[in-house]
Amino acid sequence: MKYYSTNKSIPAVSLMEAVTKGLASDNGLFMPERIDVFASDFFRQIPEMSFQEISFRVARQLFGEDIDEQILKEIVYDTLSFDCPVVPLNNNIYSLELFHGPTLAFKDVGGRFMARLLAHFLQGFEREVNVLVATSGDTGSAVANGFLGVPGIKVFVLYPKGLVSDIQEKQFTTLGKNITALEVDGTFDDCQRLVKSAFLDQELNDSMVLTSANSINVARFLPQSFYYFNAYARLQEAGIKGDLVFSVPSGNFGNLTAGLFAKRMGLPVNRFIAANNENDIVYQYLKTGKYEPRSSVATIANAMDVGAPSNFARILELYGHSHTDIVTYMVGYRYSDAEIRGTMKKVFIEENYMLDPHGAVGYRALNADLKAGEVGVFLETAHPAKFTETVENVLGKGTVIMPEKLAEFMKGEKLSIPMSTSFSDFKDYLLKK
Ligand SMILES: *Cc1c(COP(=O)(O)O)cnc(C)c1O
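Model, not experiment: these values are computed from the prediction.

With that settled, consider the sheet that holds strand β11 (residues 330-334). The strand order across the open sheet formed by six strands is β3-β4-β12-β9-β10-β11, and the pairing between neighbours is mixed. Every interior strand has two partners, whereas the edge strands, β3 (86-88) and β11, have only one. Put simply, the sheet's adjacent strands are angled 25° from each other on average, direction ignored. Where strand β4 (residues 93-97) lies against strand β12 (residues 374-380), five bridges are found, and the strand directions are parallel. The residue of β12 that forms the bridge with S95 is F378. Contacting β9 (243-249), β10 (271-276), β11 and β12, helix α12 (residues 254-264) crosses the sheet at an angle of about 175° to β10. Relative to the sheet, helix α17 (residues 357-369) contacts β4, β9, β10, β11 and β12, its axis offset from that of β12 by approximately 165°.

Among the seven residues in β12, seven count as buried, and that is most of the element. The alternating pattern of β12 places E374, G376, F378 and E380 and V375, V377 and L379 on opposite faces, both of which are buried. Summarising the sheet, β9 and β12 pair through five bridges and their orientation is parallel. By the bridge assignment for β12, V245 is matched with G376.

So, on to the nonpolar core. Within the largest apolar cluster, 133 residues are counted, with the highest numbers of intra-cluster contacts made by F63, F147, Y228, F229 and F246. It is helix α11 (residues 225-237) that provides the largest number of residues to this core, a total of eight residues.

Near the ligand you find 15 residues, and of these K107, D138, G251, F253 and T381 are the closest. Taking N252, its main chain carries an N or O atom lying 2.8 Å from an oxygen atom of the ligand. Compared with its free state, where it exposes 380 Å², the ligand has 97% of that area covered by protein.

Counted by the stated rule, this structure contains 22 aromatic pairs. Here the aromatic rings of F221 and F261 are separated by 5.6 Å at their centres, their planes lie at 70°, and the arrangement is edge-to-face. Taken together, the residues span a long stretch of sequence, with F221 in helix α10 (residues 218-221) and F261 in helix α12 at a distance of 40 residues. By the burial criterion, F221 is buried, and F261 matches it. Ring plane angle 80° and centroid distance 4.8 Å describe the contact between Y285 and F312, whose orientation is recorded as edge-to-face. With Y285 in helix α13 (residues 281-288) and F312 in helix α14 (residues 312-318), this residue pair connects regions lying 27 residues apart in the sequence.

Turning to helix α6 (residues 138-147), a few remarks are in order. Within α6, ten of the ten residues are buried, which leaves it mostly tucked inside the rest of the structure. Looking one or two residues past α6, G149 carries a phi angle of roughly 80°, positive in sign.

Further remarks concern the packing of helix α5 (residues 107-121) against α6. Closest axis-to-axis distance for the α5/α6 pair is 8 Å, and the angle between their directions is 35°. Helix-helix and strand crossings are classified by hand; for α5 and α6 the assignment is right-handed. Counted together, K107, D108, G111, R112, M114, A115, R116 and L118 of α5 and D138, T139, A142, V143, G146 and F147 of α6 form the full contact between these two elements. A class-by-class count of the residues in the contact of α5 with α6 yields six nonpolar, three polar and five charged.

Topologically, E292 is positioned in the loop between α13 and α14. Assessed through its relative accessible area of 53%, E292 is described here as exposed. In this structure the C-alpha to C-alpha distance between E292 and D243, which are 49 residues apart in sequence, comes to 32 Å.

Here we take up the environment of T180. For T180, the position within the fold is in strand β7 (residues 179-184). For the pair T180 and S416, spaced 236 residues apart in sequence, the C-alpha separation works out to 7.0 Å. With near-sequence residues (within four places) excluded, T180 lies in contact with V155, F156, V157, I417 and Y429.

The rules behind these values
Residues numbered from 1 in each chain as written. Predicted model: local features only at pLDDT ≥ 70, side-chain atom pairs only at ≥ 80, totals over all residues. Heavy atoms only, no water. Pairing = 2+ DSSP bridges. Helix = DSSP H or I, 4+ residues; strand = E, 2+ residues; numbered from the N terminus. Axes fitted to C-alpha atoms, helices over the stretch in contact; angles between N-to-C directions. Contact = heavy atoms within 4.5 Å. Buried < 20%, exposed > 50% of the residue type's maximum accessible area, 1.4 Å probe, protein only. Core = buried A, V, L, I, M, F, W, Y, C linked by side-chain atoms within 4.5 Å. Near = heavy atom within 4 Å. Polar contact = N/O pair within 3.5 Å; in protein donor to acceptor, adjacent residues only side chain to side chain. Areas by Shrake-Rupley, 256 points an atom, 1.4 Å probe, with all protein chains shown as cover. Phe/Tyr/Trp six-rings, centres within 6.5 Å; stacked < 30°, edge-to-face > 60°. Left-handed = near helix turned anticlockwise from the far one by under 90°. Nonpolar A, V, L, I, M, F, W, Y, C, P; charged D, E, K, R; others polar.

Okay, structure coming up:
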């Protein structure tokens with residue numbers, strides 16, 4: 001399978017090249033040339049399959065032309081050493097819990113899958129590969145933990161100083177080995193800009209191999225489609241019928257785009273809800289047809305504080321740049337911090353279910369929009385303990401129980417390198433490495 005750039009000014013590349021490059025050299029995002037639809041048999045069988053088995057089938061459908069089947073199976077099973085349960089709430093709403101991985105955030109799947117795939121591709125490769133990843137909190141931890149100790153790969157995590165939670169920071173600044181944390185004196189958008197500039201800088205690319213582990217990388221975002229197939233399977237298995245609607249709390253829109261791919265592969269999804277915090281660029285686009293990226297603002301759902309959602313180009317591409325088509329399958333909502341807090345509180349009291357601030361955005365949009373005859377699934381993207389301070393501010397001290405996995409990270413010592421927002425500083429630093 002070849003991967004083309006959404007900017008269409010370079011020839012299509014192999015999967016290996018798309019994964020090792022991350023961003024296309026014309027600044028576009030890689031897209032697979034075809035999306036193959038599953039035979040209907042598959043959907044009859046999946047209620048009996050495990051998350052791991054389903055994911056392997058989906059991975060084979062996506063990547064099977066380019067990787068030996070047995071190796072791909074090992075990569076998938078090794079990536080998914082955890083579950084992805086569907087938890088019922090009231091009013092036909094289900095929480096798809098994506099936080100059972102090692103860093104308790106949904107990005108573990110993409111981070112681990114990509115690390116394993118890249119390690120496979122790099123066997124026999126002479127040069128070291130440098131993974132650059134900009135994070136607003138959760139990507140850094142998932143990617144860093146996914147790549148920890150993988151030979152031949154160095155990871156640089158760029159994060160905005162003072163804008164990630166203590167727990168998030170500990171998850172990527174305490175690891176050591178092949179992981180370096182760069183504490184940028186700016187916002188997430190500055191971090192993302194530094195990374196993008198590095199990929200486009202000829203001198204840097206001549207002297208070192210650089211790739212991205214943000215959701216611009218096909219190996220990071222595409223595996224997230226596994227979740228949607230699993231949700232469908234678990235609902236079918238439980239005998240729950242109805243038109244399926246997914247509500248996706250979104251920032252860079254990698255997760256939602258993976259859902260659109262699942263639909264293209266034949267998964268019976270009726271429609272998607274794009275749920276934003278105050279960084280409502282896509283919400284505005286859906287309403288007006290105008291896409292106007294702007295600087296991000298800080299919210300309590302900080303993993304969604306994105307002012308220029310990088311996967312938007314893929315959404316446009318999937319729907320032939322037609323706003324009319326996009327709004328047929330997608331509706332947008334946006335919520336303020338006060339509304340997010342209100343939802344966390346209400347659901348905790350009325351349904352005895354603890355939402356993290358991101359999941360709360362997804363839940364609220366779904367609850368507002370679900371129609372009769374539909375079954376709604378919102379993606380609960382992080383464990384509430386990742387945002388203990390915010391959650392306890394809303395629900396009360398002592399309500400959040402810290403899982404053992406997280407407590408372990410808190411014991412480590414923070415090590416980071418201060419970095420300005422100037423690209424020349426960042427470039428000098430990398431060149432000296
Ligand atoms: C990354 C993240 C999101 C947003 O996901 P995108 O794929 O960037 O849209 C939402 N919630 C949490 C907890 C995240 O870490």
